[in-house]
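Analysis of the macromolecular model
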Amino acid sequence: MFKAIAIFKQILPFFMTLCLWRLSVYFWNPAGILALIPIFYYTFVRPIRGFVLFGLLFCFLIDYRCNLPLFWTCFYCLFYAINEFQNYLDMEHTDNNALYVFMSFTGVGFLLLIISGLTWTNLINNVWLFVWLSILYTPITSIDNWAKQ
């Protein structure tokens, strides 16, 4: 039984990312964008060995579904590079599972998407996605805290 629980704890990040990407619905999870939450969380806040390549693959798959030419993939790589060179911010020990850092990550990304195609529809859609991702960040990351117990 304990071995099954240990295996579950190890595959949870990969399974959660896969499910959130796969369960895409136009209004609630367009192109599986909610998969950015576990991608960010398990890469920067609670790093897991081997998850960076998995996150990179799923950022590419989100870009493919959104018809964005490698936007989230390049943004993920840029943020990963910035995170490796900084010494000031310790995301593993921040409050709220680094919610504000995640909001900065997605906020800058959505701001760039808004500026690139400045229409009312694009503005409303990207603001909605930013708010929705920010709201769902805490419940989704709480699953990890629950599973660790």
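Values in this document were obtained by computation on a predicted structure and should not be read as measured data.

Let's shift gears to the overall build of the protein. A count of helical and extended segments in the protein gives six helices and zero strands. Mapped in sequence order, the helices and strands of the protein form the string α-α-α-α-α-α. For 149 residues, the compact-globule estimate of 2.2 N^0.38 gives 15 Å, and the protein sits close to it at 15 Å. In the protein, 67% of the contacts between residues at least 6 apart in sequence involve partners at least 24 apart. When the accessible surface of the protein is totalled, it reaches about 9100 Å², and 71% of it is carbon and sulfur.

Looking at the largest pocket, its volume works out to about 320 Å³. Along its surface, the largest pocket is lined by 19 residues, and C66, L68, N125, N126 and L129 are the ones closest to its centre. Those elements that place two or more of their residues in the lining of the largest pocket are α3 (51-66), α5 (99-116) and α6 (120-148). With four residues, α6 is the single largest residue contributor to the lining of the largest pocket. Tallied by class, the residues present in the lining of the largest pocket amount to 11 nonpolar, seven polar and one charged.

A few words now on the confidence of the model for the protein. When pLDDT is averaged along the protein, the result is 89; 97% of the residues meet or exceed 70. When the elements of the protein are averaged for pLDDT, helix α1 (residues 2-22) gives the smallest value, 88, and α3 the largest, 94.

One non-glycine residue, N67, lies in positive phi territory at about 60°. Tracing the backbone shows N67 in the loop between α3 and α4 (71-85). N67 sits in the exposed class, given a relative accessible area of 67%. Phi at N96 is positive, roughly 55°, even though this residue is not glycine.

Definitions and limits used
- Residues numbered from 1 in each chain as written.
- Predicted model: local features only at pLDDT ≥ 70, side-chain atom pairs only at ≥ 80, totals over all residues.
- Heavy atoms only, no water.
- Helix = DSSP H or I, 4+ residues; strand = E, 2+ residues; numbered from the N terminus.
- Rg over C-alpha atoms; globule rule 2.2 N^0.38 Å.
- Contact = heavy atoms within 4.5 Å.
- Areas by Shrake-Rupley, 256 points an atom, 1.4 Å probe, with all protein chains shown as cover.
- 1 Å grid on protein atoms, 1.4 Å probe; cavity = no way out; pocket = protein on both sides within 12 Å on 5 of 7 lines; lining within 4 Å.
- Points joined across faces, edges and corners; volume = space filled by probe spheres on them.
- Nonpolar A, V, L, I, M, F, W, Y, C, P; charged D, E, K, R; others polar.
- pLDDT = per-residue confidence, 0-100.
- Buried < 20%, exposed > 50% of the residue type's maximum accessible area, 1.4 Å probe, protein only.

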